[in-house]
Amino acid sequence: MALTWTKTVSGRFDGFSPVGYWLGVLDFDSSYPTGGEPFTEADIGFSTLYHLSLTVDQGDSAAEFWSIAWDKSEKKLQAYGGSGGTTTALDEVANTDNLSTFSVDVFAIGLN
């Protein structure tokens, strides 16, 4: 399975610059692979990515916490989660876990 990227808006900062932005939503699928989901700049239309901000929509659940990290060198997005009330580091989500129930807001700046 794969990541689903839904663009809200994208464009350039001015009419002449090759630097642009991409805003949208990322949805994971129902079977997370160990080590993360493959991701490249081209997935959202860039040749070079300068900035990637990923904000997880926690929904109504205060019992769980989620974070998505971009491993630039491995070209993967990794999901981490844990239970509420914990003061320890979040663990990477287990292989084949279903992450299709939450969304990630995305803001990216890159070279078109």
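Residues numbered from 1 in each chain as written. Predicted model: local features only at pLDDT ≥ 70, side-chain atom pairs only at ≥ 80, totals over all residues. Heavy atoms only, no water.

**Q** For this particular structure, what's the right way to read the pairing of strand β2 (residues 19-27)?
**A** Here is the key point about a regular strand: its side chains alternate between the two faces of the sheet. Of the two faces of β2, the one holding Gly 20, Trp 22, Gly 24 and Leu 26 is buried and the one holding Val 19, Tyr 21, Leu 23, Val 25 and Asp 27 is not buried anywhere. Looking at chain direction, strand β1 (residues 4-12) and β2 are connected through eight bridges and run antiparallel. Bridging from a neighbouring strand, Arg 12 pairs with Gly 20 of β2. In this structure, the hairpin formed by β1 and β2 is closed by a connection of six residues. Two elements, β2 and strand β8 (residues 103-111), share nine bridges in a ladder whose sense is antiparallel. Paired with Val 19 across the strands is Leu 111, a residue of β8. (Buried < 20%, exposed > 50% of the residue type's maximum accessible area, 1.4 Å probe, protein only. Helix = DSSP H or I, 4+ residues; strand = E, 2+ residues; numbered from the N terminus. Pairing = 2+ DSSP bridges.)

By themselves, these observations are geometric and do not establish any function.
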